[in-house]
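# Survey of secondary and tertiary structure
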Amino acid sequence: MDTPADTPADVPADAPPPYQSVLEGVGPRLKRLRVKRGLTLAALSETTGISKSTLSRLESGQRRPSLELLLPLAGAYRVPLDDLVGAPEVGDPRVRLTPHELPGGGTFVPLSRTPGPLQAYKMIITDRGSEPDPRTHEGYEWMYVLQGRLRLVLPDHDLVLGPGEVAEFDTRLPHWFSSADGRPVEVLSLFGRQGERMHVRAKPAPKPAGPGGTDRPA
């Protein structure tokens, strides 16, 4: 049988179309994601406006994924469309980061690509003046100073942190931070839900002392 005119000579005529394996993997990936999130088809249908039967056929591979179906699902699961589809890498390792304005002065860049209990941010904090204006909100924050000097004001503390220093605090407490010397401060921030705490240990905790006052052997 002759090879179709638009098919390269070194590709078999019965070869699957490009990205066929990617498309075939979308349904199982969608089902795993729904089950992992603990959602029923009915709940997902209510959130996305896509009928239960269409969702079921999509997950089983009986319905071909389309942009009009995948976009609402990506929004419901809060994941990038590329992750939802499982698109192959295109060879560019660069991550496009979008800066946002930081309330009170400065910018922040979300570093976490998917939702989760902890989110990471890179913040550049400017001079917000010398008069603190403490705020509160739900959550727990861990801040690591990368460069510059950060002034952090809490109910019982007024601190200046330098590069390599870390602070963590319950954001339900009134808090405020600014550049300590008028120059921008670069900070890595991990923010968690209420009750989520970040723990960093530089060295193993000492073991309880054994008989005679000496440490017990490891």
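A brief look at the structure comes next. (Residues numbered from 1 in each chain as written. Predicted model: local features only at pLDDT ≥ 70, side-chain atom pairs only at ≥ 80, totals over all residues. Heavy atoms only, no water.)

### Digging into the overall build of the chain
Helices and strands together make up the secondary structure of the chain, namely 5 helices and 9 strands. When the helices and strands of the chain are placed in sequence order, the string is α-α-α-α-α-β-β-β-β-β-β-β-β-β. Buried residues in the chain amount to 28% of all 218 residues. Once local pairs closer than 6 in sequence are excluded, the contacts in the chain between residues at least 24 apart make up 60%. (Helix = DSSP H or I, 4+ residues; strand = E, 2+ residues; numbered from the N terminus. Buried < 20%, exposed > 50% of the residue type's maximum accessible area, 1.4 Å probe, protein only. Contact = heavy atoms within 4.5 Å.)

### Quick notes on the pairing of strand β5 (residues 150-154)
The buried fraction of β5 amounts to 5 of the 5 residues, a majority that puts the element mostly inside the structure. Burial along β5 is two-sided: L150, L152 and L154 and R151 and V153, pointing in opposite directions, are all buried. Examined bridge by bridge, β5 and strand β6 (residues 157-161) share 5 bridges and lie antiparallel to one another. Bridged to L154 within β6 is H157. In sequence, β5 turns back onto β6 through a hairpin of 2 residues. (Pairing = 2+ DSSP bridges.)

### Some points on the packing of helix α2 (residues 41-48) against helix α3 (residues 52-60)
Contact geometry of α2 with α3 gives a least axis separation of 9 Å together with a crossing angle of 110°. Put simply, α2 runs roughly perpendicular to α3. α2 and α3 meet at a crossing whose hand is right-handed. Across from L41, A42, L44 and S45 in α2, the residues of α3 making contact are K52, L55, S56 and E59. The class makeup of the residues in the contact of α2 with α3 is 4 nonpolar, 2 polar and 2 charged. (Axes fitted to C-alpha atoms, helices over the stretch in contact; angles between N-to-C directions. Parallel < 35°, antiparallel > 145°, perpendicular 65-115°, else oblique. Left-handed = near helix turned anticlockwise from the far one by under 90°. Nonpolar A, V, L, I, M, F, W, Y, C, P; charged D, E, K, R; others polar.)

### Examining the sheet that holds β5
Pairing in this open sheet of 3 strands is antiparallel, and the strands run β6-β5-β8 from one edge to the other. Of all the strands in the sheet, the pair left with one neighbour each is β6 and β8 (176-179). In this sheet, neighbouring strand axes are inclined to one another by 15° on average, regardless of whether the strands run parallel or antiparallel.

### Concerning the side chain of S189
Its location among the elements puts S189 in strand β9 (residues 185-192). Separated by 2.7 Å, the side chains of S189 and E141 make a polar contact. (Polar contact = N/O pair within 3.5 Å; in protein donor to acceptor, adjacent residues only side chain to side chain.)

### Brief notes about the packing of aromatic side chains
Applying the stated rule across the entire model yields 2 aromatic pairs. Both rings, one in F108 and one in Y121, keep their centres 5.8 Å apart while their planes meet at 70°; by these two values the pair is edge-to-face. Here Y121 lies in strand β3 (residues 118-125) and F108 lies in strand β2 (residues 106-110), a separation of 13 residues in the sequence. Y121 gets classed as partly exposed once you look at its relative accessible area, which sits at 22%. Summarising the aromatic geometry, the rings of W142 and Y144 are spaced 6.2 Å apart at their centres and angled 10° between planes, so their arrangement reads as stacked. Owing to a relative accessible area of 9%, W142 belongs among the buried residues under this scheme. Looking at Y144, the relative accessible area reads 27%, which means it is partly exposed. (Phe/Tyr/Trp six-rings, centres within 6.5 Å; stacked < 30°, edge-to-face > 60°.)

### Structural notes on the sheet that holds β9
To summarise the sheet geometry, strands pair through backbone hydrogen bonds and adopt either a parallel or an antiparallel arrangement. The strand order across the open sheet formed by 6 strands is β1-β2-β3-β9-β4-β7, and the pairing between neighbours is antiparallel. Sheet topology places β1 (100-101) and β7 (166-170) at the edges, where each strand pairs with a single neighbour. Strand direction decides the pairing type here: β1 and β2, joined by 2 bridges, are antiparallel. From the neighbouring strand, E101 faces β2, where its bridge partner is T107.

### Quick look at α2
Residues of α2 that are buried include every one of L44, S45 and T48, and no others. Axial view of α2: buried residues confined to an arc of 105°, hence all on one face. In this structure, α2 carries E46 and T47 as exposed residues pointing more than 90 degrees from its buried face. Once α2 finishes, G49 follows within two positions and takes phi at roughly 80°, a positive value. (Arc of directions from axis to C-beta.)

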